[in-house]
Every structure is written in C-alpha cells, then in structure tokens.
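One-letter residues, chain by chain:
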Amino acid sequence: MEILRIRGGTRLEGSVPVSGAKNAALPILFAGILSDQPSTLRNVPDLADIKTTLKVLETLGISVSREDDRVTLDAGNLSSIEAPYDLVRTMRASVLVLGPLLARAGEAKVSLPGGCAIGARPVDFHLSALEKLGAVFEIDGGYIHGRAPHGLRGAILPLPFPSVGATENALMAASLASGISEIQNAACEPEIVDLATALRSMGARISGDGTPVIRIEGVSSLGGMNHSIAPDRVEAATFLCAGLISKGKVRVTGIDSHYLGSALEVLESMGARITSGADWVEAEAGDRLIPSNIQTAPFPGFPTDMQAQFMALMTQADGNSRIEETIFENRFMHVPELARLGARIRIQGNEALVEGPVKLSGATVMATDLRASASLVIAGIAATGETVIRRIYHLDRGYEKLELKLSALGANIRRENEK
Ligand code: EPZ
C-alpha cells in the first residue's frame, strides 16, 4: 500500500498549474456516448476516477485512446447498454451514463451506485427527471434498468434540489429529446457550464447554464465533441490553503477568480492577501489567520468539496471557527484524523466548531474520502515532525501528482510504499 510521508514546517512559495476539473471531465466523457462521431477532449486530468470512467465507456463498446491530457472517444457503435457493478461501486458518478444511454440507445442498465463514505447519495432526483422525459425504470437485483420505449420528449424538469448530477443527467438526455426542455432549480456549478459548453460543441442547443433555469431545444443527432476541460477549482483551493497554512505565498495558474468566488471571499476574511489575473489567483499569508464561520451551499455558495481543506486551515486561526455542512450528511470524517494531529474540533450535528490556534504535531493518519485526504495533507504541512497518510488511493481519485506539485512549492512530501 502506498503512503504519503510529510515533514511539516516548511514554507510554501511559488506557482502551481491547476489540472482539468475531475467533476467536469466525468460528465463530459459520458456525454461522448451521445454521438456516433469521434470526440476529442483536452486538459483531461490523469486521475483514478478518469481511468474508471474510460473503462465504463469501453464496456459499452466505445473505443478510447489517451495521449497525455488528450482523450479521443469513438462511440460509433455501442455494443452494450450496461454499466457493471464492479466499476460503478468504485465510482458512483457512473450513474451519469443513464441520460446519455437513454437518449442515444433508448435503454440503460446501471448498477445502483450504493452509498459512499460521505453519505447515502440516492439518485431519485436523476430518475424522476428522466421519467419526465419519457423514461421508465425498474430497479431489480441492485440494478437500475431504464427504457425509453417511445424515445425522449422535451419536458419541464423541476428539481427538488439543485443536484449537480441530476442536472447533468437531465441536460445530456434533453439534448437529444424531441422538443423543448427546461430544467428548473438547476445546479449552477462551473462544471455544469463546462458540460453545456462541451454539448454545444456537439451541436446541442442549450441556454441558461450557470443559472437556475436551463433551456434545451432537443436536436435529432449530435456531432463529435471538441472541448478543453475547465480548470479544477477544488484542486486550486487546496493549494491556496496549503500555502496559507505554511504562512507562504502560492499562485495557482490556469484558472481565473470567478471559479473560486466564495472561497476567495472566505480566505480574504481570514486575513489572506488575494490577488488575481486573467488566468491565475494568488494567496499570500497575512500577519495572522482570522477565524471564520462558513456554511456549505450549492454554487455560488461555499463549496462542500472545499470544506475539509478549510477546516485544516482553521485549526491555525487566532480563535474559534465554525463550519456548517448542509450538503452531505456525513462529511466530517476528517475530524477524528485531524484530532490525531492535535486539532480540537467539536461536532454538533452538521456543525463543526474548530478551536484555534492549536499546535499540530505529526502522526500516522488515515484518509477516509477524497477531500478528507487533502485536509490531512494540508494539516501535515503545518504539523511539526512527520505525518504519514495511509489509504491515499482516496486522494488519487481526485488529485493529479499532488505530492509532486506540492514538492515544487517547497513542501517536504514523498510517496512511498509502506514497508
Ligand atoms: C457532485 O456530486 C460532485 N461529484 C461532488 O464532488 C460534490 O460534492 C457534489 O456534486 C456537490 O457539489 C461529481 O461531480 C462527480 P448532488 P453529486 O447530486 O452530483 C442529494 C468530490 O469530492 N441527492 O449535488 O452526487 C445528495 O445525497 C465529489 O469531487 C439526492 O438526495 O451531488 C446530496 O446530499 C464528492 N437525490 C445532495 O443532494 C439525488 O437524486 C447534493 O448532491 C441526488 C442528490
């Protein structure tokens, strides 16, 4: 098993390039199913979840090739409509094959993703939106089996919650439905806009993406995609937090500040000096870290995917901070691991009260989920002595060459095989 070994106390300084966004690349790769023409994607990050997505596409009969950050897909002829359990259980985002397969092939069979560490993660909003477009579903033997016996027809699709995945499934399916669809209470995340942009490169007629009302005029067929994946705002925020906890100055490049809106506001309120340009954002540590109160929310609110990383930073603030997690029911699993490093954090329901400043000292800790892993890396950079992080396969799902990028900024961090 691989581990990360971090010797804390070094100051991070310099520029680091941001990779393509995992949460944009996943739905956009699945959108390749919608066309029988070849698609080309650039700036695709090299991540475990991307590898899993490409395997799912190959099980459907799609030919896939990858060269550096470029992926080409050829979905000329689908040989299967089933996303199997052994792949879906490792990546629940595989449920995003539903919309494209129903639209392209009129049928889809996807293993129920099952829960994950951070919550039950049901897909009821996905299914009810697709049903309004004309799909019918049976759930049998742990599989969702969907059919569109009369094709998909445009409809009004009111979402009970601005679910990112449900918006994406509905958007992809509606692109090939006959007639007009309108997704109401749609998710507004930048990854939704990136998916819509990729779909437009295929000839889809979409407007309003990035707002709560997305209008889609279905077309009879879609051409191949030609698209470069948007930058990963969660990776960028992770580096800015790492720089600040080390009292350093880190510039993330290949991203502009609109992707990081509410996160930058919080960092500024915590005393960071934020500057930005057309394709970079820099955070320099101020004289002190000021405590903060944050509540996670759908975009443009504070992103739940940045909650764990900010919690690590808050342990060094001059006073107590508070985090309210409103998106997932179990997204504080980094807390007991941070406590092993010396953090003092009290959980009350969906609130975490973070004491600061506390002295962190190195220990062996265990990654529990993707963003929790990043939180432990950030804390390890500030902890005196050595921190060893186990189960870093969680980290590899969403961060490309993290230890190499952090080393280039001055962190003392190595990937090793545990003896
Ligand atoms: C996406 O997950 C992201 N994953 C998550 O990132 C991110 O945390 C989440 O959006 C919120 O921003 C990808 O894009 C691959 P949701 P998704 O549907 O689409 C409930 C990471 O670390 N819900 O917006 O699954 C759900 O249980 C990952 O990169 C239903 O109840 O999120 C959750 O409480 C973690 N029924 C809330 O809505 C449904 O049908 C938000 O979920 C769908 C969702």
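Here's what I pulled together on the structure shown here. (Residues numbered from 1 in each chain as written. Predicted model: local features only at pLDDT ≥ 70, side-chain atom pairs only at ≥ 80, totals over all residues. Heavy atoms only, no water.)

### Considering the pairing of strand 8 (residues 136-140)
Okay, step 1: Across five bridges, the pairing between strand 8 and strand 9 (residues 143-147) is antiparallel. When the sheet's bridge partners are listed, isoleucine 139 is paired in strand 9 with isoleucine 144.
Okay, step 2: Two successive antiparallel strands, strand 8 and strand 9, enclose a turn made up of two residues, where glycine 141 displays a positive phi of approximately 60°. (Pairing = 2+ DSSP bridges. Helix = DSSP H or I, 4+ residues; strand = E, 2+ residues; numbered from the N terminus.)

### Overview of helix 2 (residues 48-59)
Okay, step 1: Compared with the 16 Å implied by 1.5 Å per residue over 12 residues, the 17 Å span of helix 2 between its first and last C-alpha is a close match.
Okay, step 2: Buried within helix 2 are the following residues: Asp49, Ile50, Thr52, Thr53, Leu54, Val56 and Leu57.
Okay, step 3: Those residues of helix 2 that are buried lie in contact with helix 1 (22-31), strand 4 (63-67), strand 5 (70-74), strand 6 (82-83) and helix 3 (85-88).
Okay, step 4: The positive-phi residue at the C-terminal boundary of helix 2 is glycine 61, with phi of around 100°. (Expected span 1.5 Å × (residues − 1). Buried < 20%, exposed > 50% of the residue type's maximum accessible area, 1.4 Å probe, protein only. Contact = heavy atoms within 4.5 Å.)

### Overview of the environment of alanine 103
Okay, step 1: Tracing the chain through its elements places alanine 103 in helix 4 (residues 98-105).
Okay, step 2: On the basis of relative accessible area, alanine 103 is assigned to the buried category, the value being 18%.
Okay, step 3: The sequence separation of alanine 103 and alanine 166 amounts to 63 residues, and the corresponding C-alpha distance is 15 Å.
Okay, step 4: Excluding its chain neighbours within four sequence positions, the residues that come into contact with alanine 103 are Leu34, Leu152, Met172, Ala173 and Leu176.

### A look at helix 4
Okay, step 1: For helix 4, the buried fraction is high: six of the eight residues fall into the buried class.
Okay, step 2: For helix 4, the set of buried residues is Leu98, Gly99, Pro100, Leu101, Leu102 and Ala103.
Okay, step 3: Where helix 4 is buried, its residues contact helix 1, strand 7 (107-111), helix 5 (124-132), strand 8, strand 9 and helix 6 (164-175).
Okay, step 4: Within two residues after helix 4, glycine 106 carries a phi angle of roughly 75°, on the positive side.

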